[in-house]
Number of protein chains: 2
Amino acid sequence: MKVKRYKKDDDITYSLGVTVTMEFLLGRPSDVKAVLLHPSFDSKETLDKILKLCRENNIPTEIDAKAFNILSQKENCFVAGVIAKQPQTLRPGNHIVLVNPSNDGNMGTIMRSALGFGFKDIAVITPAADPDDPKTIRASMGARAKVRVQMFGDFKDYRAVFPGNSLYPFMLDGSVMLGNVDIREPFSLIFGNEATGLPAWFSTVGTPVRIDHGHDIDSLNLPIAASIAMYESTKGKFGGMPAEVSS
Amino acid sequence: MKVKRYKKDDDITYSLGVTVTMEFLLGRPSDVKAVLLHPSFDSKETLDKILKLCRENNIPTEIDAKAFNILSQKENCFVAGVIAKQPQTLRPGNHIVLVNPSNDGNMGTIMRSALGFGFKDIAVITPAADPDDPKTIRASMGARAKVRVQMFGDFKDYRAVFPGNSLYPFMLDGSVMLGNVDIREPFSLIFGNEATGLPAWFSTVGTPVRIDHGHDIDSLNLPIAASIAMYESTKGKFGGMPAEVSS
């Protein structure tokens, strides 16, 4: 199988590493077109698991050292999946909306948190980083295999499809503090670009929220702000023990 | 001035980029030994600010294109500070404790959040990533200039210096859920390594806390878990408006 360095317009992308590739074998097996193995990969137990999943799903495997030189700069990558990209459509419910995010790694980290806090549908307003770039997928730790991402050319296009969602744009000058805001389902948590945040007109959209922090920093890192918002808006939802207080 | 690629044992390190270097000029001017400027740097307003701060603090400046080839792989770095590393000692109060963190970028991101949430003292238990690596400093967005970091060979050494702090180790199987725990000052929020978490014996230390999330992911990314903990433990401290609820 001939692999080449990923480009945004390609129909396929790559899952780099054991963990990430396993997530695709489990979450989107029909999109895994092949699994590449480095000849020095020597973890028998993991290899057996991968081969079993490939057999069950009729996925060809190939031993190919050269592919890894092309696909990964990291020396510790021994397994890669060849993944068919798919257009995806968001389901109704709670959403994360990323407006013009610019960094692949950040987008992947947000996917990982989103999946952790039960947000499986992410809207991305373009121009934006690429949700299917191998760097995004790697930063997601494979969460990309379990979240849907739909791209929209404009926030209004997203809104037209989901007119009933309560909107919570996160802004440095948001009028309400996270923790004091009553978040009503279904809802959309909306985040702007790493450097520029959300355009000012979002202050007239829904309920603009700010995350309270001191003035020693200008802003929190984007995946961190988004994850704090997801944490707060889903608190108590994951079957934790009933309220308890340390004594 | 002859610059060379940073090594962990060097006495000096580098702040790469305008924002990061400005933070050192403002926060630790006496440790800035020189400021290097790329000949293509053409933002007059920013340059004037930098030159003024350098003049006020008797810091030499130098125009040097070659230095940037050595110091930075990023093409958009036009300003760098040469920074004297300093041994630092934690002050009493609330602390972040990082046990064997392995990634420079993560450590820097944690510094940025820590400064934002008012934690200016960070204990690092070795072996660990380097709090003074230019990658750490860059990821911190300059927060490194305003937080103190002290290295300890063992958690017990840290504990011996601050025996009165309430301890909250963050563990996947922590007995109390963040949000239900009564966090008493002065306190220490304790986080483990990216891949392995905290050693199991921390479950007998203070009040082990977990962050509630679904089972679709194994764990949150380390800077994200740490930032959520900082957010929750300082909620309402930063002069936000009084409790209000969206209508």
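Here the structure is a predicted model, which is why all the values come from computation and not from measurement.

Asker: I keep staring at the domain arrangement of chain A and nothing clicks. Help me out?
Answerer: As a measure of interface size, the accessible area lost when the parts come together is often cited. Residues and elements named next belong to chain A. Once the domains are mapped, chain A shows domain 1 (12-84) and domain 2 (95-233). Distance from the C-alpha centre of domain 1 to the C-alpha centre of domain 2: 30 Å. On the domain 2 side, the residues contacting the 15 residues of domain 1 number ten residues. When domain 1 packs against domain 2, the two sides together hide about 1,000 Å² of surface, and 62% of this comes from carbon and sulfur. Contact with domain 2 buries area across many residues of domain 1, yet T13, V20 and E23 alone supply 39% of it, more than any other trio. The tally of links between domain 1 and domain 2 comes to one salt bridge. Residue E23 pairs with K146 through a salt bridge whose shortest N-O separation is 3.1 Å. Viewed at the interface, domain 2 and domain 1 are joined by two residue pairs in polar contact (both at pLDDT 80 or more). Of all the secondary-structure elements, those providing two or more residues to the side of domain 1 that touches domain 2 are β1 (12-16) and α1 (18-27). Ranked by the residues each element gives to the side of domain 1 that touches domain 2, the list is headed by α1, at five residues. For the side of domain 1 that touches domain 2, the residue count by class is five nonpolar, seven polar and three charged.

Asker: Explain the sheet that holds strand β3 (residues 61-63) of chain B here, please?
Answerer: Hydrogen bonding along the main chain pairs the strands of a sheet, whether they run parallel or antiparallel. Residue and element names in this part refer to chain B. Reading across the sheet, the four strands line up as β1-β4-β2-β3 and stay open at both edges, with mixed pairing between neighbours. Strands at the two margins of the open sheet, each flanked by one partner only, are β1 (12-16) and β3. In this sheet, adjacent strand axes meet at a mean angle of 25° when their direction is disregarded. Of the pairings in the sheet, the one linking β1 to strand β4 (residues 79-84) comprises five bridges and is antiparallel in character. Looking at the pairing, T13 lines up with I83 of β4.

Asker: Would you mind showing me how to read the packing of aromatic side chains here?
Answerer: When we look at a pair of aromatic rings, we describe it by the centre distance and by the angle of the planes. Overall, the coordinates contain 21 aromatic pairs over all chains when judged by the stated rule. On the basis of an interplanar angle of 70° and a centroid distance of 6.4 Å, the ring pair of F117(A) and Y231(A) is categorised as edge-to-face. Of this pair, F117(A) sits in the loop between α4 (104-116) and β6 (121-125) while Y231(A) sits in helix α7 (residues 222-233), placing them 114 residues apart in sequence. Y231(A) carries the same exposure label as F117(A), and that label is buried. Geometrically, the ring pair formed by W201(B) and F202(B) is stacked, given 4.2 Å between the ring centres and 20° between the ring planes. Classification of W201(B) by relative accessible area gives partly exposed; the value is 40%. An aromatic cluster is defined as three or more aromatic residues linked by ring pairs; in this entry it consists of F152(A), F155(A), Y158(A), F162(A), W201(A) and F202(A). In this structure, K156(A) packs its charged tip against the face of W201(A), placed 4.7 Å from the ring centre.

Asker: I keep staring at the interface of chain A and chain B and nothing clicks. Help me out?
Answerer: If you look at the interface, chain A gives 47 residues, while chain B gives 47 residues. For the pair chain A and chain B, the summed buried area comes to about 3,800 Å², and 55% of that belongs to carbon and sulfur atoms. Inspection of the region where chain A meets chain B yields four salt bridges. We note a salt bridge from E232(A) to K235(B), for which the minimum N-O separation is 2.7 Å. In this structure, the connection of chain A to chain B is made through 15 residue pairs in polar contact (both at pLDDT 80 or more).

Criteria and cut-off values
Residues numbered from 1 in each chain as written. Chains lettered and ligands numbered in written order. Predicted model: local features only at pLDDT ≥ 70, side-chain atom pairs only at ≥ 80, totals over all residues. Heavy atoms only, no water. Domains from an automatic or database assignment. Contact = heavy atoms within 4.5 Å. Buried area = accessible area lost by both parts, 1.4 Å probe. Salt bridge = Lys/Arg side-chain N within 4 Å of Asp/Glu carboxyl O. Polar contact = N/O pair within 3.5 Å; in protein donor to acceptor, adjacent residues only side chain to side chain. Helix = DSSP H or I, 4+ residues; strand = E, 2+ residues; numbered from the N terminus. Nonpolar A, V, L, I, M, F, W, Y, C, P; charged D, E, K, R; others polar. Pairing = 2+ DSSP bridges. Axes fitted to C-alpha atoms, helices over the stretch in contact; angles between N-to-C directions. Phe/Tyr/Trp six-rings, centres within 6.5 Å; stacked < 30°, edge-to-face > 60°. Buried < 20%, exposed > 50% of the residue type's maximum accessible area, 1.4 Å probe, protein only. Lys NZ or Arg CZ within 6 Å of the ring centre and 35° of its normal.

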